[in-house]
Amino acid sequence: MYKMPGAGVGVAGGGVGTLAATGADVGWWLAVGVALVLLGIAALIAVRRRNRRFSRLDG
């Protein structure tokens, strides 16, 4: 049976690479991805609002 490097007895809980490669806990990775996308959208909206406010003060 094939063992991934780093998936032996010496590694207690495995690493991020072994979790991603084995597909373990895919729901957690999806949740993190969705959270990052939402944070990115919120940051873009905040920057756009700030730029609009500053442009009104200049004019």
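For the structure, check the block above.
Enquirer: Run through the overall build of the protein, naming residues and quoting values.
Expert: Helices and strands together make up the secondary structure of the protein, namely 2 helices and 0 strands. Here the protein, with 59 residues, has 2% of them falling under the buried criterion.

Enquirer: Tell me about a positive patch on the surface, and name the residues and values.
Expert: Judged by side-chain charge, R48, R49, R50, R52, R53 and R56 come together as a positively charged surface patch. Looking at the secondary structure, you find R50 in helix α2 (residues 26-58). Look at R50 and you get partly exposed, because its relative accessible area is 41%.

Enquirer: Go over the packing of aromatic side chains, please, and point to the residues and values.
Expert: In this structure the tally under the stated criterion is 1 aromatic pair. Judged by centre distance (5.0 Å) and plane angle (85 degrees), the rings of W28 and W29 are edge-to-face. A relative accessible area of 47% means that W28 is categorised as partly exposed. Classification of W29 by relative accessible area gives partly exposed; the value is 34%. Sitting over the face of the ring of F54, R53 holds its NZ or CZ atom 5.9 Å from the ring centroid.

Enquirer: Go over a nonpolar patch on the surface, please, and point to the residues and values.
Expert: A surface patch of nonpolar side chains, about 510 Å² in accessible area, is lined by W28, W29, V32, L36 and L39. Exposure remark for L36: the relative accessible area of 55% places this residue in the exposed category.

Reading the values: the criteria
Residue positions are given per chain, counting from 1 as you read along its sequence in written order. Confidence filtering applies because this is a predicted model: local features only for residues at pLDDT of at least 70, side-chain atom pairs given and counted only at 80 or more, and all residues used for totals across whole chains, interfaces and linings. Only hydrogens and water are set aside; all other atoms, that is, all heavy atoms of the structure, feed into the side-chain values. Secondary structure counts use DSSP, requiring at least four H or I residues in a row for a helix and at least two E residues in a row for a strand, with both numbered from the N terminus. Burial classes: relative accessible area under 20% of the type maximum marks a residue as buried, over 50% as exposed, and values in between as partly exposed (1.4 Å probe, protein chains only). A patch is a set of surface residues, each over 30% in relative accessible area and not in a salt bridge, joined within 9 Å for like charges and within 5 Å for the nonpolar side chains Val, Leu, Ile, Met, Phe, Trp and Tyr. A 1.4 Å probe and the Shrake-Rupley method give the accessible areas. Residues count as covered only by the protein chains that appear here. Any carboxyl oxygen of Asp or Glu within 4 Å of a side-chain nitrogen of Lys or Arg constitutes a salt bridge here. By the counting scheme adopted, Arg and Lys are positive, Glu and Asp are negative, and His together with the chain ends is not counted. Every charge is mapped onto a representative atom, which is NZ of Lys, CZ of Arg, CG of Asp or CD of Glu. The aromatic pairing rule takes the rings of Phe, Tyr and Trp, using the six-membered ring of Trp, and pairs them if the centres are within 6.5 Å, calling planes under 30 degrees apart stacked, those over 60 edge-to-face and the rest tilted. Should the NZ of a Lys or the CZ of an Arg lie within 6 Å of a ring centre and within 35 degrees of the ring normal, that charge is described as sitting over the ring.

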